[in-house]
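# Remarks on the overall topology
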Amino acid sequence: MLTAKNPSTGEIIAEYPTLNNTELHEHIGDAFRAADQWQACSYEERAQTMRAVAAELRKQKDHLAELMAIEMGKPIKEGGPEVEKAAGCAEYYAEHAAEHLAPQTLPSDASISYVCHPPLGTLLGILPWNAPLWLAFRYLAPALMAGNTCVMKHDPNVPACAAAIVKVFADAGAPDNIVVNLPIANETIETAIRDPRIAAVSFTGSGNAGRIVASIAGSEIKPTVLELGGSDPCIVLADADLESAADVATLSRMINAGQSCIAAKRIIVEDSVYDVFVEKLQSRMAKFTMGDPLLSDTDVGPIAREDLRQNLHRQVTETIAAGATCLLGGELSNDPGFFYPPTLLIDVTEGMCAFKEETFGPIMVVIRAADVEEAVQLANETPYGLGAAVWSTNAEVATNIANRLEAGQVAINGIVKTDSRLPSGGIKGSGYGRELGPHGIREFVNSKQIWVK
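Residues numbered from 1 in each chain as written. Predicted model: local features only at pLDDT ≥ 70, side-chain atom pairs only at ≥ 80, totals over all residues. Heavy atoms only, no water.

## Overview of the overall build of the protein
The helix and strand inventory of the protein stands at 15 helices and 18 strands. Reported as C-alpha extents along the three principal axes, the dimensions of the protein are approximately 65 × 60 × 40 Å. A burial count over the protein gives 57% of its 453 residues as buried. For the protein, the share of sequence-separated contacts (at least 6 apart) that also reach a separation of at least 24 residues comes to 71%. (Helix = DSSP H or I, 4+ residues; strand = E, 2+ residues; numbered from the N terminus. Buried < 20%, exposed > 50% of the residue type's maximum accessible area, 1.4 Å probe, protein only. Contact = heavy atoms within 4.5 Å.)

Listed below in structure tokens is the structure:
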């Protein structure tokens, strides 16, 4: 059984039966059998389906936002925009898939030679709980528009969200079984990956789980895309617009109660502006309202699970014990639910827990850097490499730093975000492969060479 708990109260919402091995085999078979007919559709025919799905997402937006608030604690005012973003992703690929996958003519000794991009077949997407709609469509929209069918193994925290996504496709009149939900326990994932009808795997989640998925898929010689989280640095130089930098850094860190892979997790500030910037961060963080995610004025909802909250508190207490100063938060409440207060830790150094580990919650960590060179060194001193940000009014300096940062994407004087138009992904311990943009849709196609005498 999959047991869904309301993180605002800790109470069980509902229990959902999981598939046995026979049912798992049948569900994958449903998507596999739908693949030939879906692949035979033109780009415009697929686009019509995706536009209808986008419209249905918007029609059901309030319901979907409420589901996210109840199952994983996302504030309702963030849930609606997440649904809109998912709909926008479906529309983006409906509009641009044919362009991104157009045959590419290349010179050779043939009369004509070119590369085309047919789909791989049936894919398995293994998804996390922290953005149930957006992360699903980041996987589904490009894969479907490329002509693949999709099996979706969503996180056990959000079984109702997973079922609702499949219902959106049905309500939109999409062809049967181009998206199939797999309500299975995590222990059954290996069986799904090894199913010979699964052609490739997309995984978003923890580094440890990603290594397991990659090793299983690798043993089956199946392509994978891995997005494994990060400990994103945000460098603030002395010449930065400090007001804007503080606004954006705080927003980035507090979105979704800090449960975002690309949040600004380590704020690295040049020494001469360190104290004044800390004051700006503290004044902003103190204004956040924590509470019921179903209320429109709530800024910070609960952590998704109690074990995640306890681990977050361990990271905070270990960091304070190692010499960091806690200016806000840092205490567990005895009230119902899995809430953790917005917490500001300053004077954090390399050896401390919150510097070394990914903190997945409303924890802002501030680090002092003597100068630009030390800021870059501190930013890269991490096993992760997902996103990063640089704040400076000197465009040449900022661009030089951006090029030196070990990350899959860097924002200069702005927020690190995912955008359907741009590739997103990491290096090092943050994974490999790309999602979104023209690069994302090419991950799960066969770059097939055609040579004509």
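Still more ground to cover, so stick around.
## Focus: unusual backbone geometry
Even without being glycine, Asn 413 reaches a positive phi, approximately 55 degrees. Inspection of the secondary structure puts Asn 413 in the loop between β16 (409–412) and β17 (431–432). With a phi close to 50 degrees, Lys 428 is a non-glycine residue in the positive phi region. Assessed through its relative accessible area of 38%, Lys 428 is described here as partly exposed.

## Quick look at the pattern of salt bridges
Evaluated as defined, the whole model comprises 27 salt bridges. Among the salt bridges present, the one from Arg 314 reaches Glu 357, with a minimum N-O distance of 2.7 Å. Remark: Glu 357 occurs in the loop between α12 (353–356) and β14 (363–369) and Arg 314 occurs in helix α11 (residues 306–321); sequence separation between them is 43 residues. Taken together, the salt bridges that share partners define one network made up of Arg 58, Lys 61, Glu 84 and Glu 91. (Salt bridge = Lys/Arg side-chain N within 4 Å of Asp/Glu carboxyl O.)

## Some words on the UniProt feature "domain: Aldehyde dehydrogenase" (unreviewed entry) in the protein
If you check UniProt for "domain: Aldehyde dehydrogenase" (unreviewed entry), the listed places come out as residues 5–450 in our numbering. Secondary structure within residues 5–450 divides into 42% helix and 17% strand; the distance between the first and last C-alpha atoms comes to 52 Å. (UniProt positions renumbered as here; feature names shortened; annotations may be inferred.)

## Remarks on the pairing of strand β4 (residues 112–116)
Looking at chain direction, strand β3 (residues 104–105) and β4 are connected through 2 bridges and run antiparallel. Paired with Gln 104 across the two strands is Val 115, which belongs to β4. Counted along the chain from β3 to the antiparallel partner β4, the turn is 6 residues long. Bridging between β4 and strand β18 (residues 448–452) involves 5 bridges; their strand directions are antiparallel. (Pairing = 2+ DSSP bridges.)

## Things to note about the nonpolar core
Ranked by size, the top nonpolar core spans 58 residues in total, and within it Leu 57, Leu 133, Phe 137, Leu 140, Leu 144 and Phe 169 carry the most contacts. Of all the elements in the fold, those that place two or more residues in this core are α2 (43–59), α3 (61–72), α4 (76–100), α5 (134–145), β6 (149–153) and α6 (159–171). The dominant element in this core, judged by the number of residues it contributes, is α5, at 10 residues. Residues Cys 234, Ala 246, Ala 249 and Val 269 belong to the second largest nonpolar core, which totals 29 residues. (Core = buried A, V, L, I, M, F, W, Y, C linked by side-chain atoms within 4.5 Å.)

## Quick look at the domain arrangement of the protein
By the assigned domains, the protein splits into domain 1 (2–228 + 428–452) and domain 2 (233–412). Summing the contributions of domain 1 and of domain 2, the shared interface buries around 2200 Å²; its carbon and sulfur component is 54%. Lys 77 serves as the salt-bridge partner of Asp 299, at 2.5 Å between the closest nitrogen and oxygen. The tally of links between domain 1 and domain 2 comes to 14 residue pairs in polar contact (both at pLDDT 80 or more). Mapped by element, the contributors of at least two residues to the side of domain 1 that touches domain 2 are α3 and α4. Broken down by element, the side of domain 1 that touches domain 2 gets its largest block of residues, 4 residues, from α3. Of the residues belonging to the side of domain 1 that touches domain 2, the class tally is 8 nonpolar, 8 polar and 7 charged. (Domains from an automatic or database assignment. Buried area = accessible area lost by both parts, 1.4 Å probe. Polar contact = N/O pair within 3.5 Å; in protein donor to acceptor, adjacent residues only side chain to side chain. Nonpolar A, V, L, I, M, F, W, Y, C, P; charged D, E, K, R; others polar.)

## Focus: α5
The end-to-end C-alpha distance of α5 is 16 Å, a good match for the 16 Å that 12 residues give at a rise of 1.5 Å each. Across the 12 residues that make up α5, a large majority, 12, are buried. Trailing α5 by a residue or two, Gly 147 shows a phi angle of about 105 degrees, which is positive. (Expected span 1.5 Å × (residues − 1).)

## Observations regarding the sheet that holds β18
Taken in spatial order, the 3 strands of this open sheet run β3-β4-β18, and their pairing is antiparallel. Two strands bound the open sheet, and with one partner strand each, they are β3 and β18.

## What about the sheet that holds strand β9 (residues 224–227)?
Backbone-to-backbone hydrogen bonds join strands into a sheet, with any given pair of strands oriented parallel or antiparallel. Strands sit in the order β7-β6-β5-β8-β9-β17 across an open sheet of 6 strands; the sheet is mixed. Of all strands in the sheet, those bounded by a partner on one side alone are β7 (179–181) and β17. Strand direction decides the pairing type here: β9 and β17, joined by 2 bridges, are antiparallel. The residue bridging Leu 226 from the neighbouring strand is Tyr 432, located in β17. Lying over the sheet, α5 contacts β5 (122–126), β6, β7, β8 (198–204) and β9, oriented at roughly 165 degrees with respect to β6. Sitting on the sheet, α6 is in contact with β6 and β7, with an inclination near 155 degrees to β7. (Axes fitted to C-alpha atoms, helices over the stretch in contact; angles between N-to-C directions.)

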